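The residues making up each chain are set out below.
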Amino acid sequence: MYMDCNTEEIPKPISELEKTVIEDFALFDDWADKYQYVIELGQKLLPLDNKYKTEEYKIKGCQSTLWIHAVRKNNRIYFYADSDSTFVKGLAAVLINVLSGQPAKEIVDSHLEFIDKIGLTSHLAASRSNGLSSMIRQLKLYALAGSEGLTT
Amino acid sequence: MYMDCNTEEIPKPISELEKTVIEDFALFDDWADKYQYVIELGQKLLPLDNKYKTEEYKIKGCQSTLWIHAVRKNNRIYFYADSDSTFVKGLAAVLINVLSGQPAKEIVDSHLEFIDKIGLTSHLAASRSNGLSSMIRQLKLYALAGSEGLTT
Amino acid sequence: MKTADDHTKTSSPSTMLTFDPKKVREDFPILQQKIFNHPLVYLDNAATSQKPQCVIDSISKYYTEYNSNVHRGIHFMSQKATDAFEEARVEVQHFINAKSDSEIVFVRGTTEAINLVAGTYGRQHINEGDEIIVSEMEHHSNIIPWQLLCLEKKAKIRVAPMNDDGELIYEEYEKLFNAKTKFVAITYVSNSLGTINPINKFIAKAHQNHVPVLVDAAQAVPHLKVDVQKIDCDFLVFSGHKMCGPTGSGVLFGKLEHFELMPPYHGGGEMMLSVTFEKTIYKEPPFRFEAGTPNIADVIALGEAIRYMNRIGMGAAFRYEEELTAYGTQLLKDIPGLKIIGTASTKTPVLSFVLEGINAMDAGMYLDTLGIAVRTGHHCNEPVMKHFGIPGTIRASMMFYNTKEELNFLREGIMKTIKLLRR
Amino acid sequence: MKTADDHTKTSSPSTMLTFDPKKVREDFPILQQKIFNHPLVYLDNAATSQKPQCVIDSISKYYTEYNSNVHRGIHFMSQKATDAFEEARVEVQHFINAKSDSEIVFVRGTTEAINLVAGTYGRQHINEGDEIIVSEMEHHSNIIPWQLLCLEKKAKIRVAPMNDDGELIYEEYEKLFNAKTKFVAITYVSNSLGTINPINKFIAKAHQNHVPVLVDAAQAVPHLKVDVQKIDCDFLVFSGHKMCGPTGSGVLFGKLEHFELMPPYHGGGEMMLSVTFEKTIYKEPPFRFEAGTPNIADVIALGEAIRYMNRIGMGAAFRYEEELTAYGTQLLKDIPGLKIIGTASTKTPVLSFVLEGINAMDAGMYLDTLGIAVRTGHHCNEPVMKHFGIPGTIRASMMFYNTKEELNFLREGIMKTIKLLRR
Ligand SMILES: Cc1ncc(COP(=O)(O)O)c(C=O)c1O
Ligand SMILES: Cc1ncc(COP(=O)(O)O)c(C=O)c1O
């Protein structure tokens, strides 16, 4: 499910993956189940090497810290993440699930409308310190950057 | 009705006068009529000589000015008042009607419970700047003072 | 100087509907009552307006369904409250056409907003010898904070005068500017006179001199379409309670470029990113200026008040108010011994007047016995009273829910007052 | 240091009735709802309490029957509003046993009250080199205003430390006093730990050194009988919204002898006797500190909240809360990997804890899915978190309308959380 930069496999296009995620989440109609599902997704995330858990790779949220590392290979971008919050790690997993292994340009151009459709945002702090949008911004920045912060 | 220091007449005791005033006001059950009655009482007040309309005799209210002058004769105190507000003058008249010509000691000791019973206070600004209580305080001060501000 | 800026009185075609004040009145439960056996005629709107049922309901709904502290919580009600609170901010943003909701700070009212600016931006920028321009028709709330600041900083207040119609004299205002001028604080609309100032022109002049301008819009937002981008003010302040919103709600608008450089106002919860005993790092605007638990219920209800005004159609409502003003002026101006104070060519629905030989408070109290609520006194506008050489006025201030019949009652009441009180 | 002052936990016999939390709950409409199909278990009371129907009704009643600006008007509704507003002041006076209602100033909340004192009394009395004592367990609102003041005046903050139970160490506090000490700002009760400080002793010590004391009673008034004459504080501040009153209401108590010598806070309407462009003469307290239109509706509703607490009987309610605290502590303390933060011998009904290996926010969010509302994070108490070397806690804070069943739910929820989240 999660794309590793060391596999040769090529993921389905973003739009198709988005559809699948929407369908997956549609199976749960209450918040408790969705929450648990997000947690599970996080638990399956590929591990992030401890050497990337530094200031440089940090995204500071309201009550949690997230580290994201990106690898470029054949102009595709692969993401790795970890967090001190299991839930935030799960959220990262939801995004990485769709974006990891995609061509850089596709990532930058993606609208990620599925985020609103899976019904998580209504349970996230609406305050501007909302971590999700900064997470997305960061993923896109990595894709855009090409070099900085990337291991090619 | 209003005691002049030049007449020999002696007023009824305060308690009796209070009773009369309560009865008089009881004739009116709405605020409009009471208001008009107060105005009328003011219009009948004995005139205050212009020479007393100075800073010295002034009681500053919220939106009006009242001048009070007191005369002592045979240890009785006689009050004279005027105001730029017809209503405030009327209020002064209600008090003077009861207190003018009374023995100084009686004035100082009076409780003036009739004030609450005639149903005016509920229509007066409840804020501390309430002119009525400063009016009463001033009348009692005059009675207490004996000399200052008094023409004997 | 004879016309206010055009845009203030026009409105989009979509709101050009017929306006039915009788119908709108039904939205305001308080107006349905009798006072001393007379139907209430509420003409004290410039002091505070009444509230439609939907605004009252939004407060009850908040406390009944989702009362919770905002911005800090991760639970359902806290998120719902935070959403509603931030939606109100966006509602206010659109109401005055601010560029971003970060330019909107919630405060208790106009007075607090002005003090906030004086205490932050003012303290930062005003130095010894500097000058602050205010006008002769300012509310005390737009005088005293600047006086206090000038006292602290050894700076000086300069006063832009008005003429006997109650209009600011542009040529005199112009002359006040010099190298020492550092700030202008000016009202959009006078609360005692109703004068609508041509605020664009006054702001443009200040900007030519690189001087920022605070606009007191307390009496403007209830009666005009206010557009902070069009008038290009640096700060704009108003109270919720004068525009169908609850007491305890108010707004400070400031251009983000100013907000970003301003120090915090209050210290407390939610205005900083991190706190140690050595150092505190502040949040970005608007949160930097909103320390402590805000007035959540009333901010949400202020948002609802704006939605209400949008629903009834501000364009139509404001045009109807102009009609009321014209009608009322016509009704009163021939009453013998009555003198209208404030005869500017563009006015909000305010009729201030004096009655020859009659104390204003006496008149107000008598009108009250007839169920007519007006205000008397100096209306926190002592310099204006001084200009006209009077201790105060009787002020009948209207809102779109007032009717011509009510103004007829007012006229009758004044006639009775004169009969009873003229000596 | 093991017991709080006696008077804080006793009450008069008249309130020694049996207390029925189930019955009291019915007064709070918000508690009757379900969240995510679970009955709401509201345990975020230290952030803000819920409001009884009578408080909600008093707001609606105000806007439906007599909304009007206060202190200036001569008409019926204005006088009614002014009366109700001033009655609320007397209600607050009695609630904290102040000598006079002139010692009660209405503000938005605790944060504003502290900033008011720092900005007036503080600016007046603190000079270069002076020291202000605060404690390690202060809320940010009782730290930052003093930091800002010290920055401005080149003065210094001294911090009274606490032990690992979350109790202030009196002997250390004592040592902080010297000739430079000019002010003490200290909390009555800690919001993150629940510790009730023996405030009498701390105040007496300061007074021995002729140093005035401000007491942050935000978390005290909802849970203790507070008596400003008995504790003899110079200033005391609290928020209405944490004690069944509305958001946007708060109180500053100050001894009249201080208030009378203090400069005004905000400039504006109703805080002065006369205004010219040259000079302004200020009113007596409390009006000197209440510039502008106050939050009329919410002040009146705060008065109703106090009457409500009197009706249910604070003595009995507070004793029941002690029972809840004991019960909850017992329930939680054996959960493996759960550590209670804040184990003072006298506590308000607050249970702060951490779960080994589990992020506090994750736990809070999961409890939310079960309808249990708790708060997570630093609770505007970063220095406390630093003391315990943790980023934050999960805080379950109770009120007299919470029940033992709800605490049972909490325990179950925590068990599920651990199962789901422990890695
Ligand atoms: C001890 C303490 N002080 C101050 C505050 C700040 O109160 P408010 O946010 O109502 O201004 C709080 C509430 O969070 C508190 O618990
Ligand atoms: C023009 C103007 N400015 C300021 C104020 C003060 O507003 P508030 O009392 O709501 O702070 C008022 C209201 O009285 C006003 O009319």
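Thresholds applied
Residues numbered from 1 in each chain as written. Chains lettered and ligands numbered in written order. Predicted model: local features only at pLDDT ≥ 70, side-chain atom pairs only at ≥ 80, totals over all residues. Heavy atoms only, no water. Helix = DSSP H or I, 4+ residues; strand = E, 2+ residues; numbered from the N terminus. Rg over C-alpha atoms; globule rule 2.2 N^0.38 Å. Contact = heavy atoms within 4.5 Å. Areas by Shrake-Rupley, 256 points an atom, 1.4 Å probe, with all protein chains shown as cover. Lys, Arg positive; Asp, Glu negative; His and termini not counted. Charge placed at Lys NZ, Arg CZ, Asp CG, Glu CD. Near = heavy atom within 4 Å. Polar contact = N/O pair within 3.5 Å; in protein donor to acceptor, adjacent residues only side chain to side chain. Nonpolar A, V, L, I, M, F, W, Y, C, P; charged D, E, K, R; others polar. Pairing = 2+ DSSP bridges. Expected span 1.5 Å × (residues − 1). Buried < 20%, exposed > 50% of the residue type's maximum accessible area, 1.4 Å probe, protein only. Arc of directions from axis to C-beta. Least-squares fit on C-alpha atoms with pLDDT ≥ 70 in both. Axes fitted to C-alpha atoms, helices over the stretch in contact; angles between N-to-C directions. Buried area = accessible area lost by both parts, 1.4 Å probe. Salt bridge = Lys/Arg side-chain N within 4 Å of Asp/Glu carboxyl O. Phe/Tyr/Trp six-rings, centres within 6.5 Å; stacked < 30°, edge-to-face > 60°. pLDDT = per-residue confidence, 0-100. Domains from an automatic or database assignment.

**Some points on the overall build of chain C**
Here comes step 1: When you go through chain C residue by residue, the secondary structure sums to 14 helices and 17 strands.
Here comes step 2: Taken over C-alpha atoms, the radius of gyration comes to 22 Å for chain C, in line with the 22 Å a tight globule of 423 residues would show.
Here comes step 3: Dimensions of chain C along its principal axes, counting C-alpha atoms only, are 70 × 55 × 40 Å.
Here comes step 4: A sequence separation of at least 24 residues applies to 73% of the contacts in chain C between residues at least 6 apart.
Here comes step 5: Total accessible area computed for chain C in this model is approximately 13500 Å², and 53% of it derives from carbon and sulfur atoms.
Here comes step 6: Across chain C, 45 positive and 50 negative side-chain charges occur, with their mean positions spaced 3 Å apart.

**What to know about the site of ligand 2**
Here comes step 1: Taken together, 14 residues surround ligand 2, and among them C:Thr111, C:Asp216, C:Ser239, C:Lys242 and D:Thr293 come closest.
Here comes step 2: Mapping the residues adjacent to ligand 2 onto the chains of the assembly identifies chains C and D.
Here comes step 3: Between ligand 2 and the protein, one listed contact pairs an oxygen atom with a side-chain N or O atom of C:Lys242 at 2.8 Å.
Here comes step 4: When ligand 2 is considered free in solution it has 390 Å² of accessible area, and contact with the protein chains removes 98% of it.
Here comes step 5: Residue classes in the shell around ligand 2 are distributed as one nonpolar, eleven polar and two charged.

**Comments concerning the environment of A:Lys89**
Here comes step 1: If you trace the backbone, A:Lys89 turns up in helix 3 (residues 86-99).
Here comes step 2: For the pair A:Lys89 and A:Ala145, spaced 56 residues apart in sequence, the C-alpha separation works out to 23 Å.

**Some remarks on the pairing of strand 11 (residues 272-275) of chain D**
Residue and element names in this part refer to chain D.
Here comes step 1: Examined bridge by bridge, strand 11 and strand 12 (residues 280-282) share three bridges and lie antiparallel to one another. Paired with Ser-274 across the two strands is Ile-281, which belongs to strand 12.
Here comes step 2: Counted between consecutive antiparallel strands, the loop separating strand 11 from strand 12 contains four residues.

**Considerations on helix 1 (residues 14-26) of chain B**
Residues and elements named next belong to chain B.
Here comes step 1: Over its 13 residues, helix 1 extends 18 Å from the first C-alpha to the last, a length consistent with the 18 Å expected when each residue adds 1.5 Å.
Here comes step 2: Along helix 1, the positions that sit buried rather than exposed are Ile-14, Leu-17, Glu-18, Val-21 and Phe-25. Looking straight down helix 1, one finds its buried side chains confined to an arc of 105 degrees; they lie on one side. Those residues of helix 1 that are exposed and aimed more than 90 degrees away from the buried face are Ser-15, Lys-19 and Ala-26.
Here comes step 3: Buried residues in helix 1 make contact with helix 2 (31-43), helix 3 (86-99), strand 4 (102-103), helix 4 (104-109) and helix 5 (114-117).

**A look at the side chain of D:Thr48**
Here comes step 1: Here D:Thr48 lies in the loop between strand 3 (41-42) and helix 2 (53-66).
Here comes step 2: Judged by its relative accessible area of 1%, D:Thr48 falls in the buried class.
Here comes step 3: Here D:Lys51 takes part through its side chain, which lies 3.5 Å from a polar atom of the side chain of D:Thr48.
Here comes step 4: Among the polar contacts listed, one links the side chain of D:Thr48 to the side chain of D:His241, at a separation of 2.8 Å.
Here comes step 5: With sequence-adjacent residues up to four places away left out, D:Thr48 is seen in contact with C:Asn67, C:Ser68, C:Asn69, D:Tyr42 and D:His241.

**Section: the relation of the copies chain C and chain D**
Here comes step 1: Mapping chain C onto chain D calls for a rotation angle of 180 degrees and an axial translation of 0.0 Å; the resulting RMSD is 0.0 Å. Both chain copies can therefore be described as sitting about a two-fold axis. Relative to the rotation axis, the closest C-alpha in chain C is found at C:Gly248, a distance of 3.4 Å.
Here comes step 2: In this assembly, 100% of the residues forming the interface of chain C have copies in chain D that are likewise at the interface, indicating an isologous arrangement.

**Considerations on the sheet that holds strand 17 (residues 393-397) of chain C**
Residues and elements named next belong to chain C.
Here comes step 1: Taking strand neighbours across the sheet as the criterion, the four strands line up as 13-14-17-16 in an open arrangement whose pairing is antiparallel. Edge positions in the sheet fall to strand 13 (338-341) and strand 16 (375-377), since each of these pairs with one other strand and no more. Adjacent strand axes in the sheet meet at a mean angle of 30 degrees, parallel and antiparallel pairs treated alike.
Here comes step 2: Examined bridge by bridge, strand 16 and strand 17 share three bridges and lie antiparallel to one another. The residue bridging Thr-376 from the neighbouring strand is Ile-394, located in strand 17.

**Observations regarding the interface of chain C and chain D**
Here comes step 1: With 92 residues of chain C at the interface, the matching set in chain D holds 92 residues.
Here comes step 2: Buried surface at the junction of chain C and chain D, both sides included, amounts to about 6900 Å², of which 59% is carbon and sulfur.
Here comes step 3: Looking at the side of chain C facing chain D, the largest losses of area belong to C:Tyr63, C:Ile74 and C:Phe277, adding up to 12% of the total buried there.
Here comes step 4: At the junction of chain C and chain D, the tally comes to two salt bridges.
Here comes step 5: Residues D:Glu112 and C:Arg108 are paired through a salt bridge, measuring 2.8 Å at the closest nitrogen-oxygen approach.
Here comes step 6: Counting every contact that joins chain C to chain D gives 29 residue pairs in polar contact (both at pLDDT 80 or more).
Here comes step 7: With eight residues, the top contributor of residues to the side of chain C that touches chain D is helix 2 (residues 53-66) of chain C.

**Overview of helix 12 (residues 360-369) of chain C**
All names here are of chain C.
Here comes step 1: Burial of helix 12 is extensive: ten of the ten residues sit out of reach of the surface.
Here comes step 2: Where helix 12 begins, one side-chain oxygen reaches toward the backbone nitrogen of Met-361, 2.8 Å away; that side chain belongs to Asn-359.
Here comes step 3: Directly after helix 12, the chain includes Gly-371, whose backbone phi takes a positive value near 85 degrees.

**A word on the site of ligand 1**
Here comes step 1: In the vicinity of ligand 1, 15 residues are found, and the nearest of them are C:Thr293, D:Thr111, D:Asp216, D:Ser239 and D:Lys242.
Here comes step 2: Bordering ligand 1 are residues originating from chains C and D.
Here comes step 3: Here a nitrogen atom of ligand 1 sits 2.5 Å away from a polar atom, N or O, in the side chain of D:Asp216.
Here comes step 4: D:Ser239 places a side-chain nitrogen or oxygen 2.6 Å from an oxygen atom of ligand 1.
Here comes step 5: For ligand 1, the accessible surface in isolation is 390 Å², of which the surrounding protein chains cover 97%.
Here comes step 6: Here the shell around ligand 1 is built from residues that sort into one nonpolar, eleven polar and three charged.

**Let's talk about the packing of aromatic side chains**
Each aromatic ring pair is specified by the distance between its two centres and by the angle formed by the two planes.
Residue and element names in this part refer to chain B.
Here comes step 1: Applying the stated rule across the entire model yields 56 aromatic pairs over all chains.
Here comes step 2: Between Tyr-35 and Phe-87 the ring centres are 5.1 Å apart and the planes differ by 10 degrees, which places this aromatic pair in the stacked class. Of the two residues, Tyr-35 is situated in helix 2 and Phe-87 in helix 3; the sequence distance between them amounts to 52 residues.
Here comes step 3: Judged by relative accessible area, which is 0%, Tyr-35 ranks as buried.

**What about the confidence of the model for chain C?**
Residues and elements named next belong to chain C.
Here comes step 1: The pLDDT averaged across chain C works out to 93; a share of 96% of its residues lies at or above 70.
Here comes step 2: Confidence drops under a pLDDT of 50 for residues 1-16, and excluding neighbours within four residues, the segment shows 43 contacts in the predicted structure.
Here comes step 3: In the predicted complex, the global pTM is 0.93; the interface-specific ipTM is 0.91.

**Some thoughts on the sheet that holds strand 16 (residues 375-377) of chain D**
Residue and element names in this part refer to chain D.
Here comes step 1: With antiparallel pairing, the four strands of this open sheet are ordered in space as 13-14-17-16. Where the open sheet ends on each side, the last strands, each with one partner, are strand 13 (338-341) and strand 16. Averaged over all pairs of adjacent strands, the angle between their axes in this sheet comes to 30 degrees, without regard to strand direction.
Here comes step 2: Direction of pairing for strand 13 relative to strand 14 (residues 350-355): antiparallel, over a ladder of four bridges. Bridge assignment links Lys-339 to a residue of strand 14, and that residue is Val-354.

**Some points on the arrangement of the chains**
Here comes step 1: Counting contacts across all five pairs of chains that touch, the top-ranked interface belongs to chains C and D.
Here comes step 2: Chain A makes no contact with chain B; the smallest distance between any of their C-alpha atoms is 42 Å.

**Remarks on the side chain of C:Ser397**
Here comes step 1: Relative to the helices and strands, C:Ser397 is located in strand 17.
Here comes step 2: Apart from residues lying up to four places away in sequence, C:Ser397 is in contact with C:Leu43, C:Asp44, C:Asn45, C:Ala46, C:Pro349, C:Val350 and C:Asn402.

**So, the domain arrangement of chain C**
All names here are of chain C.
Here comes step 1: The domains assigned to chain C are domain 1 (21-46 + 314-421) and domain 2 (59-310).
Here comes step 2: Taking the mean C-alpha position of each, domain 1 and domain 2 sit 28 Å from one another.
Here comes step 3: Contacts between domain 1 and domain 2 engage 32 residues on the former and 33 residues on the latter.
Here comes step 4: Taken together, both faces of the contact between domain 1 and domain 2 bury some 2700 Å²; the carbon and sulfur share is 56%.
Here comes step 5: If you sort the residues of domain 1 by the area they bury against domain 2, Met-314, Thr-348 and His-387 come out on top, with a joint share of 23%.

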